[in-house]
Amino acid sequence: DLRDLAAGVVPANVAYVPQEPFLFDDTVRGNITLGDPSIDAAAIAGAVRTARLDEVIAQLPDGLDTRIGERGTTLSGGQQQRLGLARALARRPRLIVLDDATSAIDAEVEAEILAGLRAESERSAGQGATVILVAARPSTIVLADHVVHLEGGRVVGRGTHHELIRRSASYAALVEAYAREAAARPATTTGGAA
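Residues numbered from 1 in each chain as written. Predicted model: local features only at pLDDT ≥ 70, side-chain atom pairs only at ≥ 80, totals over all residues. Heavy atoms only, no water.

1. Here's the deal with the packing of helix H3 (residues 41-50) against helix H5 (residues 77-90)
Think of two packed helices as two axes; the pair is described by the angle between the axes and how far apart they sit.
Inference 1: Where H3 meets H5, the axes come as close as 8 Å, and the angle between the chain directions of the two elements is 140 degrees. If you check the angle between H3 and H5, you find them oblique. In the packing of H3 onto H5, the handedness of the crossing is right-handed. Within the contact between the two elements, H3 uses Ala43, Ala47, Val48 and Thr50 and H5 uses Ala86, Leu89 and Ala90.
Inference 2: When its residues are assigned to classes, the contact of H3 with H5 shows 6 nonpolar, 1 polar and no charged. (Axes fitted to C-alpha atoms, helices over the stretch in contact; angles between N-to-C directions. Helix = DSSP H or I, 4+ residues; strand = E, 2+ residues; numbered from the N terminus. Parallel < 35°, antiparallel > 145°, perpendicular 65-115°, else oblique. Left-handed = near helix turned anticlockwise from the far one by under 90°. Contact = heavy atoms within 4.5 Å. Nonpolar A, V, L, I, M, F, W, Y, C, P; charged D, E, K, R; others polar.)

See the structure below:
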């Protein structure tokens, strides 16, 4: 119960990453640390690596010290999402809530990011972060260890993606509807690599 926790416990231990992270007209480094001096170079490097932002930074003219413009206008949507994720990871939270936070990232890179989060947790003897993915994209859902299917704010199914496909007609219909919608959308190009 959150009411039983001491003030400051939740912000210090929980990171929320929305689909569209708010980015400041500052450097990449400044957007990761938000001026917090306790976030050292090692924490930044680890977060950047796990968020797969390192290859993006390598292409920027001033690396971590490149200014990204108001709301990150010089970055693609996927790059903005990776930066938002790096910001969360640099704080080494115990719980990370990714609210469709990888929707603009290529599915292969997304899988690598989530594998990196899992590996980080294993390296820290299970003391890494618990990750809650809020997602509709099947390529994201299939990466989860455990899926909770909600309808009308109520839990109607639990299990792996493949178990729910077999056991739940409503879940299977939802996944199929999403796949049909995605297939019907015209292919678009984004202004940069996600």
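2. Describing the sheet that holds strand E2 (residues 95-99)
Inference 1: Here 3 strands make up an open sheet; going across it, the order is E1-E2-E3 and the pairing parallel. The strands lining the two open edges of the sheet, one partner per strand, are strand E1 (14-17) and strand E3 (130-134). Strand after strand, the sheet turns through a mean of 15 degrees between neighbouring axes, direction not considered.
Inference 2: Summarising the sheet, E2 and E3 pair through 5 bridges and their orientation is parallel. Across the sheet, aspartate 99 pairs through a bridge with valine 134, a residue of E3.
Inference 3: Against the sheet, H5 touches E1 and E2, its axis set at about 175 degrees to E1. (Pairing = 2+ DSSP bridges.)

3. Focus on the side chain of histidine 149
Inference 1: For histidine 149, the location among the structural elements is in strand E4 (residues 147-151).
Inference 2: Ignoring any residue separated from it by four or fewer positions in sequence, one finds histidine 149 in contact with Arg154, Val155, Val156, Gly157, Leu164, Ser168, Ser170, Tyr171 and Leu174.

4. Thoughts on the side chain of asparagine 31
Inference 1: In this structure, asparagine 31 sits in helix H2 (residues 28-33).
Inference 2: Excluding residues within four positions of it along the chain, asparagine 31 makes contact with Leu23, Phe24, Asp26, Ile68, Leu83 and Arg87.

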